[in-house]
Amino acid sequence: MNSRTEPAGADRHHTIVIVGGGAAGISVASSLHKRDRRLDIAILEPSATHHYQPGWTMVGGGVFQPEVTSRPMSQVMPGFVSWHQQAVSGVMPEQNQVRLADGSSISYQALVLAPGLELNWSAIDGLESALGDNGVTSNYRQGMAQYTWQTVQALKKGRALFSQPPMPIKCAGAPQKAMYLSSDHWRRNGVLGQLDIQFHNAGAVLFGVPAYVPALQEYIDKYGIQVNFQSNLVAVNGPARKATFRLTDAEGNSQDRELDFDMLHAVPPQRAPGFIRESVLANDGGWLNLADDTLQHKTFANIFGLGDVSGTGNAKTAAAVRKQAPVVAENLIASLRNQPLPAAYLGYGSCPLTVENGRIVLAEFGYNGVLQPSFPQWVNDGTKATRAAWWLKAKQLPTLYWHGMLKGREWLAGPAVREHH
């Protein structure tokens, strides 16, 4: 894939600068290149490894080996881009410049922001130091999913707690997926009856799109899980195996409650990276301030964004990126040519909810919870747990990711045509 790795230090210019070499950054680079092979594109990405994050849940459930979820960045970075292996420290939109960690800067004609989000581990007192010991784990932590699986296999009795922080978070179903796959393992091994399994969700509903709740509730009942809403994990004492949850009632009064545990799968609150949330590029919530349909920045016309950093009202999933990349590519190229923006993103996101080993509820929906199924109902009724959806996630999606999405193959991902106003 030999991309040109650029020397540090020099101040440079590229037509299009993409911040982030994750799913969003590489997909959009490939979609741009596919439409115009002459484009001068740079990607700014400090990491030497590229992670297939949707696979981490499966590692935590004993389905995937950890190796299948990562590759060297040099293997997935496209050959047609200039790769600056550096972190970004700031964006200066008035000057059309991005500042790098080494103090140099790169100027651009158009900018695509796809830096992902930040896991705010320190927001939960004691969590980060507790991880990887005493049954405290998180599939959101790189390399930690294997410990999740070891903990699940070792647990034969006692209490298992699963937490979900306030929204928005990446893959809103992932905190539950960890719980269902663990519960299914315990059921198959005949120890489910000896376990007190609790789900503590900072939110007020099981899942934000009501159509999928009945199928999920069925599994909550099947596994005998106790669900606690508006119960937010605020502190962890690993050695003592105690977790503190803040419970909020309908009137907004809160009280703290401490629980003992034998296993805790914790999910940290999430936020945009500092150089976005503390800048003029952010909306009131601290996320990238984009137009919902065009994914163009609301203030700076030559800036676009996609992926987890976006302040748009869609689910933060790799599937959302798959639909966003072609929209950004078409609209950015149109803007470089001073043409009206042709493409619209309808908020598509997908959350394959792994409710047991072998079955998935494939939630596919757009803005305002409107269902957006990719497949006819006879292939997959997304509101029910099916084997077809499991086959798709376990067998097809990793290959589709590495060899399709990252290479700009836009299967089932053509952008909607925007109605011009």
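A brief report on the enclosed structure follows.

**A look at empty space enclosed by the protein**
Picture a little ball the size of a water molecule; that probe, rolled over the atoms, points out where space is still empty. Overall, the coordinates contain 1 cavity of 30 Å³ or more when judged by the stated rule. Reported here for the largest cavity is a volume of approximately 40 Å³. Lining the largest cavity, in full, are S27, S31, R322, A325, P326, M405, G408, R409 and E410. It is helix α9 (residues 318-336) that contributes the most residues to the lining of the largest cavity, 3 residues altogether. The residue inventory of the lining of the largest cavity, partitioned by class, reads 3 nonpolar, 3 polar and 3 charged.

**Observations regarding the sheet that holds strand β18 (residues 263-265)**
The 5 strands lie next to each other as β11-β18-β12-β13-β14, forming an open sheet whose pairing is parallel. Each edge of the open sheet carries a strand with a single partner, namely β11 (136-137) and β14 (226-229). Strands β11 and β18 of the sheet are contacted by helix α5 (residues 145-154), whose axis makes an angle of about 145° with β18. The strands touched by helix α6 (residues 174-188) are β12 (158-164), β13 (195-201) and β18; relative to β12, the strand with the most contacts, the crossing angle is about 155°.

**Quick look at the environment of A266**
As for its placement among the helices and strands, A266 is situated in the loop between β18 and β19 (270-271). By relative accessible area, A266 is classed as buried at 0%. For the pair formed by A266 and N139, sequence separation is 127 residues and the distance between their alpha carbons is 8.3 Å. Sequence-distant contacts of A266, that is, excluding residues within four places in its chain, are made with L127, T137, S138, S163 and L233.

**What to know about the sheet that holds strand β22 (residues 349-356)**
Spatially, 3 strands are ordered β22-β23-β24 in an open sheet, and the strand pairing comes out antiparallel. Looking at strand neighbours, the two that pair on one side only are β22 and β24 (385-386), the edges of this open sheet. Sheet analysis places strand β23 (residues 359-365) next to β24, joined by 2 bridges and oriented antiparallel. Among the inter-strand pairings, I360 is bridged to a residue of β24, identified as T386.

**Description of the side chain of T244**
With respect to the helices and strands, the residue T244 is situated in strand β16 (residues 242-248). What makes T244 buried here is its relative accessible area of 17%. Those residues within four positions of T244 in sequence are excluded, and the remaining contacts are N232, L233, V234, A235, D256, R257 and E258.

**Observations regarding the pattern of salt bridges**
Under the counting rule described, the total for this entry stands at 16 salt bridges. One salt bridge connects R188 with D184, and the closest N-O pair in it is separated by 2.7 Å. A residue pair is termed a helical-turn pair when its members lie 3 or 4 positions apart in one helix, as R188 and D184 do in helix α6 at 4 residues. Given a relative accessible area of 1%, D184 falls into the buried group. With a shortest N-O distance of 3.6 Å, E356 and K222 are connected by a salt bridge. Here K222 lies in helix α7 (residues 213-223) and E356 lies in strand β22, a separation of 134 residues in the sequence. By relative accessible area, E356 is classed as buried at 9%. Salt bridges sharing common partners tie together D184, R187, R188, K222 and E356.

**What about the layout of surface pockets?**
Taken as a whole, the second largest pocket spans an internal volume of roughly 480 Å³. Lining of the second largest pocket is provided by 30 residues; of these, M167, A172, G208, A315 and F365 occupy positions nearest its centre. The residue inventory of the lining of the second largest pocket, partitioned by class, reads 15 nonpolar, 14 polar and 1 charged.

**Some thoughts on the packing of aromatic side chains**
Across all of its chains, the model carries 9 aromatic pairs by this definition. Judged by centre distance (6.5 Å) and plane angle (35°), the ring pair of Y180 and Y223 falls under tilted. You can see Y180 sitting in helix α6 and its partner Y223 sitting in helix α7, a full 43 residues away along the chain. Ring centres of F207 and Y212 lie 6.1 Å apart, and the angle between their planes is 85°; this geometry places the pair in the edge-to-face category. Like F207, the residue Y212 is buried in the burial classification. Ring-pair connections join several aromatic residues into one group, and the members of that group are Y52, Y401 and W402.

**Some thoughts on α9**
Residue pairs three or four apart in sequence face the same way in an α-helix, which turns once every 3.6 residues. For α9, spanning 19 residues, the distance from its first C-alpha to its last is 27 Å, which sits close to the expected 27 Å at 1.5 Å a residue. Largest kink in α9: about 30°, centred on Q324, with the proline P326 one to four residues after it. Just downstream of α9 lies N338, where phi reads positive at about 55°.

How each quantity is defined
Residue positions are counted from 1 within each chain, in the order its sequence is given. Thresholds applied to this predicted model are a pLDDT of at least 70 for local features of residues and 80 or more for the giving and counting of side-chain atom pairs; totals over whole chains, interfaces and linings are not thresholded and use all residues. Side-chain measures were taken over the full set of non-hydrogen atoms in the model, leaving aside hydrogen atoms and water. A pocket here means an open set of points on a 1 Å grid, computed over the protein atoms alone, that has protein on both sides within 12 Å along at least five of seven lines. A cavity is instead a set of points where a 1.4 Å probe fits but cannot get out; residues with an atom within 4 Å of a point line either one. Grid points are joined across faces, edges and corners, and a volume is the space filled by probe spheres set on the points. Counting from the N terminus, the helices are DSSP H or I runs at least four residues long and the strands are E runs at least two residues long. Residue classes follow a fixed rule: Ala, Val, Leu, Ile, Met, Phe, Trp, Tyr, Cys and Pro count as nonpolar, while Asp, Glu, Lys and Arg count as charged, and any other residue, Gly among them, counts as polar. Only strands joined by at least two bridges in the DSSP assignment are considered to pair. We call two residues in contact whenever any of their non-hydrogen atoms come within 4.5 Å of each other. In this description, a line fitted to the C-alpha atoms serves as the axis of each element, helices being fitted only across the stretch in contact, and the angle between N-to-C directions of two axes falls anywhere from 0 to 180 degrees. Relative accessibility under 20% of the residue-type maximum defines a buried residue, over 50% an exposed one, and the middle range a partly exposed one, all with a 1.4 Å probe and only protein chains included. Salt bridges, as used here, are contacts in which a Lys or Arg side-chain nitrogen is within 4 Å of a carboxyl oxygen on Asp or Glu. Classification of ring pairs rests on two measures: the distance between centres of Phe, Tyr or Trp rings, Trp counted by its six-membered ring, which must be within 6.5 Å, and the angle between planes, read as stacked under 30 degrees, edge-to-face over 60 and tilted in between. Given the number of residues in a helix, its expected span is that number minus one, multiplied by 1.5 Å. Bend is the name given here to the angle between axes fitted to two runs of seven residues, the run ending at a residue and the run starting at it.

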